[in-house]
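Residues per chain, in single letters:
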Amino acid sequence: MQFKDYYQTLGVDAKAPQDVIKRAYRKLARKYHPDVSKEKGAEEKFKGVNEAYEALKDPAKRRAYDQLRAQGYRPGEEFHPPPNFGEGQGFDFSDLGGEGGFSDFFAQMFGDLFHRE
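So, here is what we can say about the structure in this document. (Residues numbered from 1 in each chain as written. Predicted model: local features only at pLDDT ≥ 70, side-chain atom pairs only at ≥ 80, totals over all residues. Heavy atoms only, no water.)

A few words on the environment of Pro17. Inspection of the secondary structure assignment puts Pro17 in the loop between helix H1 (6-10) and helix H2 (18-32). Since its relative accessible area comes to 44%, Pro17 is described here as partly exposed. Spatially, the C-alpha atom of Pro17 lies 10.0 Å from that of Lys57, the residues being 40 residues apart in sequence. (Helix = DSSP H or I, 4+ residues; strand = E, 2+ residues; numbered from the N terminus. Buried < 20%, exposed > 50% of the residue type's maximum accessible area, 1.4 Å probe, protein only.)

Structure (structure tokens):
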């Protein structure tokens, strides 16, 4: 699977503060919402924007994602998460209601954390 640059998806710098990320997300979500946009591929772009925001809005998820970027992963490169990635980092994905709607990349990156008992 290919690595995704969530900052690039939202059009923000990797050092952007949370409020800038939130504003960028809202702007793009409005632009590509399937009920509003007639642009070709808008639904896929909307899903990508939502996925990026889910990864970056939470400080713990953002730190984990930033750690991967720091290891040299770049957009479009083949991605294989490190063994036990995310274990013991205190993530709580229960608010996401499972993996539905997220790309293979997001599920692979955080997948084990969705099913904690």
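Our next topic: H2. Since there are 3.6 residues in each turn of an α-helix, residues three or four apart along the chain are aligned in direction. Taking 1.5 Å of rise per residue, 15 residues should cover 21 Å, and H2 covers 21 Å from first to last C-alpha, within 8% of that figure. Three or more residues of H2 are buried, namely Ile21, Ala24, Tyr25, Leu28, Ala29 and Tyr32. Along H2, the residues classed as buried sweep out an arc of 130° about the axis, all on the same side. In H2, the exposed positions angled more than 90 degrees off the buried face are occupied by Arg23, Lys27 and Arg30. On its buried face, H2 sits against H1, helix H3 (42-57) and helix H4 (59-70). (Expected span 1.5 Å × (residues − 1). Arc of directions from axis to C-beta. Contact = heavy atoms within 4.5 Å.)

Okay, H4 next. Compared with the 16 Å implied by 1.5 Å per residue over 12 residues, the 16 Å span of H4 between its first and last C-alpha is a close match. Of all the positions in H4, only Ala60, Lys61, Arg62, Ala64, Tyr65 and Leu68 are classed as buried. Regarding H4, its N-cap is Asp58, as a side-chain oxygen of that residue lies 3.0 Å from the backbone nitrogen of Ala60 further along. (Polar contact = N/O pair within 3.5 Å; in protein donor to acceptor, adjacent residues only side chain to side chain.)

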